[in-house]
Amino acid sequence: MTTPADLLAYAESKVGADQVGIRAGIGRAYYAAFHAVQDAVWPMASNGDIGENGCIHHGRVVIFLRNWSTLHPDQRMRMAHGAEATKLAHRLRLLKDDRERADYVLGDPATT
């Protein structure tokens with residue numbers, strides 16, 4: 001079974017690789033982060049938030065993190081991790097943007 005740590009290790013192994021490797025590494029880094037937060041945001045999800053592969057839809061993950069302080073059902077978790085969740089939402093969104101550029105914009109990934 002692959003874990004988020006495995007995906008991140010693969011991404012790190014692509015630092016300094018050719019363009020294809022860099023693009024693959026960017027994608028794996030995003031998915032490492034995406035899968036790492038699934039358990040944390042799961043209590044906020046409803047059936048409509050779950051995709052056909054059993055994961056929460058990508059956009060919903062960002063929304064749940066951004067609104068952690070009001071949406072998480074555990075008040076202690078809301079208070080303890082709200083600021084960090086908001087920062088993580090921003091970082092995950094930026095990483096998703098990087099992944100999309102790496103997938104869709106051809107050319108040097110360092111300049112796109």
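Just above sits the structure.
Residues numbered from 1 in each chain as written. Predicted model: local features only at pLDDT ≥ 70, side-chain atom pairs only at ≥ 80, totals over all residues. Heavy atoms only, no water.

### Structural notes on the environment of Val62
Tracing the backbone shows Val62 in helix H4 (residues 58-66). Remark: the alpha-carbon pair of Val62 and Val41, spanning 21 residues in sequence, is separated by 9.3 Å. Each residue touching Val62, except ones within four places of it in the same chain, is listed here: Ala89, Leu92 and Arg93. (Helix = DSSP H or I, 4+ residues; strand = E, 2+ residues; numbered from the N terminus. Contact = heavy atoms within 4.5 Å.)

### Brief notes about the pattern of salt bridges
Pairs may arise between side chains of opposite charge once their charged atoms sit close together. This structure, assessed with the given rule, holds six salt bridges. The closest approach of N and O atoms between Glu100 and Lys96, which form a salt bridge, is 2.6 Å. Pair noted here: Glu100 and Lys96 are both in helix H6 (residues 75-104), with a separation of four residues, about one helical turn. For Asp103, the salt bridge goes to Arg99, with nearest N and O atoms at 2.7 Å. (Salt bridge = Lys/Arg side-chain N within 4 Å of Asp/Glu carboxyl O.)

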